[in-house]
Structure formats: C-alpha cells, structure tokens
Amino acid sequence: MRAYDPALDTADPGWRDDFYIPPFTGDPFTEVAYFAGNSLGLQPRATRDAVTVELERWAQMGVEGQLTGPRPWKDYHEALRDPAARLVGALPHETVTMNSLTVNLHVLMATFYRPEGRRTKIIMEDIVFPSDGYAMASQARWHGLDPAEHVIRLRPRDGEDVLRTDDVTAAIRASGDEVAVVVFSAVNYLTGEWMDMPAITDAGHAVGAIVGWDLAHAAGNVPMQLHDWGVDWAAWCSYKYINSGPGGLAGAFIHERHARDTSLPRLAGWWGTSTETRFRMDDTFDPPPTADAWQMSNPPIFSMTPVQVSLEIFDRVGMPALRERSLRLTAYLRSLLEEVTAESPAGAMSIVTPAEDARHGCQLSVRFQADIHHLAEILRDEDGVIADTRNPDIIRFAPVPLYSSYLDCWRAAEALKRHLA
Ligand SMILES: *Cc1c(COP(=O)(O)O)cnc(C)c1O
C-alpha cells in the first residue's frame, strides 16, 4: 500500500477547522479518523455560542423573545427556509424544518398516501432503514390494508448488492395503476447506492403515482434538484450530514404544485395556519400555499439553532464545491481500499457501493469475511478509526467532505491492511 502524502491535505483541506474533531490518545494521532458522519455528524465550532445566545435571550427576555430581537422565536423557522431549499434544490416556500424524520414521513404520507380503488400500493426498497419499513407497513395498516399485499419491497437481483434503475422502473410500470406511492431512500443507508432520482420519479409519475424520497443519507451529501425533478415530497434528518446534533430537527419538502392546493388533507396544528390567523385564536384554519402549512407545533428553538448554524456552513461552502471535494476524497479512499483488497487474502473484503460517480455519495460500504463487530472494535480502540457496522457483514466508511481528511482515509486503509493480513 502506498505511503500517505501530506501534500494531499495541504492542497485540499476542506472545512475541518469549522468542526470539533473528537480526540484520540493512541500514538501518533491526537484525533480520531471519523467515518461515522453518516450516522451522527460532528459538532460545528459555532454551534455552542449560537445556542448560548438563545438561552441568554430566554433568560433575559422570557416570552418577549417570541416577538423581538433579530430572529424572533415565533418566526425562527423562516431563517432556515432559504438555506434548506438551496441544500436540496427546492424553492424556498417548498421546504420547512420541523419534527423528526420518521414523524415527517408519516405527516407527509397522511397527505399523499390516500389509497383508493385499485390504487393502493406502496413501492419501496427491501434493503431499507427499519424505521421506513415500519412506517410504510403501518401506513398500509392504518388504512386497513395488509402490508404483505400492499407494500411492494424491491430486492437487488440474486448475487447483486444494489438495485438497478431499470429494474425499479420496470417494477413500477408492472404495477401500473395500482401504485399509490413510490418511496425510496435517495442514498441507501446500507449500500451507499445513490438512486437515479429523476428516472424513478418520472417512472412513478408515468403510472400516476406520487413519488416521495427519504433524503436521510442524501441531504448534505449529494446535489439534488427536487423542484426541477418534479419530486412530490421528501423528508430528511439533519443530524447525519447536516451536523445538527443527536436527534436534530428534520426537513420536509412539498412541491409547490401540491403546496398551492390548500384543500389537501393534512394533519393540522396551529403552526400550519397562516401567520395572520394563527394568533386570532379562533377556529379558522387557513393554511398558506407553502410547506409551512404542514407544521403542527411551534418550533423548538434550541434544536433549530444548530440546524441554522450548520446550514450557514453549507451556504458558505456551496454544494458544487462540497460535491467536488467529496468525489476526490471518496475516490482516494476507494483506491486505497482497492489496494488493501488486492494485498489481503482472497475474499477478505469487497466494496459494495457502486463506483460510478452518479451512483454514490461519500459513503463506501465494505463487506468483510471477518467478524465486523470485532474488526470495528479494534479499528476504534487501537487505531482511532470510527466506522460503524451494519449486520451481517458491512462496515460503513463515510469520509465527510466538510471535515474528513486524506490522512483519515489513509489511516483507515492502513489499519485494515494490518488487521486483515
Ligand atoms: C437515519 C434514518 C432514519 C432515522 O429516523 P429518525 O426518525 O430520525 O429517528 C430513518 N430513515 C432513514 C432512511 C435513515 O437513514
């Protein structure tokens, strides 16, 4: 395996200085090599002060903070609207920051999954983050339908790890007018596969279905154009690539062609009515023609501030620059892992994530013959390499373009080479 070249990090440092990197005490490194930003992103250095400002405002102003100051709490979510829209390729009034991801899946399905006549089916992937599997099965049951019959879960072909776009679009066509909702993870949590979002969205629309996307592993990771692609709705969490902290608030996207239809059924709350009627405290529910109309409760400020701070970083960096660094960094890790694979016993490891640029974000999922839990444990304890395991045989490495370094990638590969030898 080739040696580490420090010029790589000097020439392409990313935005590492904006983040706290957890310490590591094993010689010669003083920081961990963090590859788990796809599970919980690292803390931006600016977050603590920004949260302290709001705590101080609360201490000094009490309820007056709702109405006064540079960012009154009652309108706080509006400060997140434009940057969130830029992150996912939406118009500002198509996005809103609220709730958590699984809650948003349900809130959006309440509007967009209304099985009727023959059109009852949900099509999704079979290798799915469990929460989405539970959510979609429970949506079918909620409507009195048996998920075994009404939720279609697509598997990769035998002997293959990831779904082929053509197989997905063919399955959608095959179910035709029985498809109510198509819902996929844009980037698969296990395999790292980035789905062909425009092709699948078009295929869903061609059979008259609604197409929603779970962006948990896509938001802040890959460039998207939700509006132009005509996506109906989407939801994402912000504690993975968006670095908002454990359990951070989620995002939602509702295409303006739906948001404009204020008669759509929805689960309503007082924050979903227009700002003019909200404080009249009467019985008028008057939703604005925007994603804001799906809000139910007043925003949790101490959870919103970290999202706002993080979105400022994305705005400063810009998705194009971030994606370019992501491709460089992930290509570097891939080439090192390929060297390790070639130098290790046959079959010891293999990369599962598609190699083509258009089919992956920053995560590389690697399959191991060895016990992954033991391997991840020694990587963590002996080498300070933090990567997570997913049963039965995958370890996920996500070099995050905002803060991961070429040295991190080299450390991971070098440690794997030693342990697999
Ligand atoms: C991380 C993740 C979740 C987590 O759901 P929460 O509601 O935020 O706990 C759900 N779905 C997918 C696809 C994920 O990757």
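On a predicted model such as this, the values are computed, not experimentally measured, just so you know.

Looking at the site of the ligand
So, step 1. With respect to spatial proximity, the complete set of residues near the ligand consists of Leu101, Thr102, Phe129, Asp132, Ser185, Asp214, Ala216, His217, Tyr239 and Lys240.
So, step 2. Residue Asp132 places a side-chain N or O atom 2.5 Å away from a nitrogen atom belonging to the ligand.
So, step 3. A distance of 2.5 Å is found between an oxygen atom of the ligand and a side-chain nitrogen or oxygen belonging to Tyr239.
So, step 4. When the ligand is considered free in solution it has 390 Å² of accessible area, and contact with the protein chains removes 85% of it.
So, step 5. For the shell around the ligand, a count of residues per class yields four nonpolar, three polar and three charged.

Focus on the packing of aromatic side chains
So, step 1. For the structure on display, the rule yields eleven aromatic pairs.
So, step 2. Residues Phe129 and Tyr189 carry aromatic rings whose centres are separated by 5.4 Å and whose planes lie at 80 degrees to one another, so their mutual orientation is edge-to-face. Highlighted residues: Phe129 in the loop between β3 (121-125) and α5 (130-142) and Tyr189 in the loop between β5 (179-185) and α8 (197-206), separated in sequence by 60 residues.
So, step 3. Taken together through their ring pairs, the aromatic side chains of Phe19, Tyr34 and Tyr403 make up a single cluster.
So, step 4. Of note, Lys240 hangs over the ring of Phe129, and the distance from its end group to the ring centre comes to 4.9 Å.
So, step 5. Stacked on the ring of Phe29, the Lys or Arg Arg411 has its end atom at 3.8 Å from the ring centre.

What about the sheet that holds β3?
So, step 1. What the seven strands build is an open sheet, ordered β2-β8-β7-β6-β5-β3-β4; its pairing is mixed. Each having just a single partner strand, β2 (95-97) and β4 (151-154) make up the two edges of the open sheet. Pairs of neighbouring strands in the sheet enclose a mean axial angle of 15 degrees, with direction left out of account.
So, step 2. Packing of helix α3 (residues 78-88) onto the sheet brings it into contact with β2 and β7 (233-236), and relative to β2 it is tilted by some 120 degrees.
So, step 3. The sheet strands contacting α8 are β5 and β6 (210-214), and the helix crosses β6 at an angle near 150 degrees.

Regarding the environment of Ala36
So, step 1. Inspection of the secondary structure assignment puts Ala36 in the loop between β1 (33-34) and α2 (47-61).
So, step 2. On the basis of relative accessible area, Ala36 is assigned to the buried category, the value being 9%.

What about the pairing of strand β8 (residues 251-254)?
So, step 1. Because side chains alternate across β8, one face comprises the buried residues Gly251 and Phe253, and the other comprises Ala252 and Ile254, equally buried.
So, step 2. Across three bridges, β2 lies against β8 in antiparallel orientation. Bridge assignment links Thr97 to a residue of β8, and that residue is Gly251.
So, step 3. The pairing of β7 with β8 spans four bridges and is antiparallel. Bridge pairing in β8 places Ala234 opposite Phe253.

Looking at the nonpolar core
So, step 1. By size, the foremost hydrophobic cluster in this structure holds 62 residues, and its most contacted members are Val88, Phe184, Trp213, Leu215, Leu226 and Leu402.
So, step 2. For this core, the secondary-structure elements that each account for two or more residues are α3, α7 (165-175), β5, α8, β6, β7, α12 (301-317) and α13 (319-343).
So, step 3. At seven residues, α12 tops the list of elements feeding residues into this core.
So, step 4. When residues of this core are sorted by domain, at least three fall in each of domain 1 (7-43 + 319-420) and domain 2 (71-316).
So, step 5. Leaving out residues up to four positions away in the same chain, Leu226 has contacts with Val88, Gly89, Met197, Leu215, Val231, Ala234, Phe253 and His255.
So, step 6. With 32 residues, the next largest nonpolar core counts Ile122, Val181, Ala235 and Ile254 among its residues.

Observations regarding the domain arrangement of the protein chain
So, step 1. Structurally, the protein chain comprises domain 1 (7-43 + 319-420) and domain 2 (71-316).
So, step 2. The gap between the C-alpha centroids of domain 1 and domain 2 is 29 Å.
So, step 3. If you look at the interface, domain 1 gives 30 residues, while domain 2 gives 28 residues.
So, step 4. Taken together, the two surfaces of domain 1 and domain 2 that pack against each other cover about 2,300 Å², and 56% of this comes from carbon and sulfur.
So, step 5. Summed over the shared surface of domain 1 and domain 2, the result is three salt bridges.
So, step 6. The partner of Asp161 in a salt bridge is Arg367, and the shortest N-O contact between them spans 2.9 Å.
So, step 7. Among the secondary structure elements, those contributing two or more residues to the side of domain 1 that touches domain 2 are α13, β10 (364-368) and β13 (394-397).
So, step 8. Sort the elements by how many residues they give to the side of domain 1 that touches domain 2 and α13 lands first, with three residues.

Here we look at unusual backbone geometry
So, step 1. In the segment running from Asp27 into Pro28, the intervening peptide bond is cis, with an omega of -5 degrees.
So, step 2. For Pro28, the location among the structural elements is in the loop between α1 (7-11) and β1.
So, step 3. Residue Pro392 follows Asn391 across a cis peptide bond; omega there is 0 degrees.
So, step 4. Of note, Pro392 is situated in the loop between β12 (388-390) and β13.

A few points about the pairing of β6
The two faces of a sheet get side chains in turn, since along a regular strand they alternate between them.
So, step 1. Of all the five residues making up β6, five are buried; the element is thus mostly covered by neighbouring parts of the structure.
So, step 2. Bridge analysis of β5 against β6 gives five bridges, and the strand direction is parallel. Paired with Phe184 across the bridge in β6 is Trp213.
So, step 3. Relative to β7, β6 runs parallel, the two sharing three bridges. Across the sheet, residue Trp213 finds its bridge partner in β7, namely Ala234.

What counts, and at which threshold
- Residues numbered from 1 in each chain as written.
- Predicted model: local features only at pLDDT ≥ 70, side-chain atom pairs only at ≥ 80, totals over all residues.
- Heavy atoms only, no water.
- Near = heavy atom within 4 Å.
- Polar contact = N/O pair within 3.5 Å; in protein donor to acceptor, adjacent residues only side chain to side chain.
- Areas by Shrake-Rupley, 256 points an atom, 1.4 Å probe, with all protein chains shown as cover.
- Nonpolar A, V, L, I, M, F, W, Y, C, P; charged D, E, K, R; others polar.
- Phe/Tyr/Trp six-rings, centres within 6.5 Å; stacked < 30°, edge-to-face > 60°.
- Helix = DSSP H or I, 4+ residues; strand = E, 2+ residues; numbered from the N terminus.
- Lys NZ or Arg CZ within 6 Å of the ring centre and 35° of its normal.
- Pairing = 2+ DSSP bridges.
- Axes fitted to C-alpha atoms, helices over the stretch in contact; angles between N-to-C directions.
- Contact = heavy atoms within 4.5 Å.
- Buried < 20%, exposed > 50% of the residue type's maximum accessible area, 1.4 Å probe, protein only.
- Core = buried A, V, L, I, M, F, W, Y, C linked by side-chain atoms within 4.5 Å.
- Domains from an automatic or database assignment.
- Buried area = accessible area lost by both parts, 1.4 Å probe.
- Salt bridge = Lys/Arg side-chain N within 4 Å of Asp/Glu carboxyl O.

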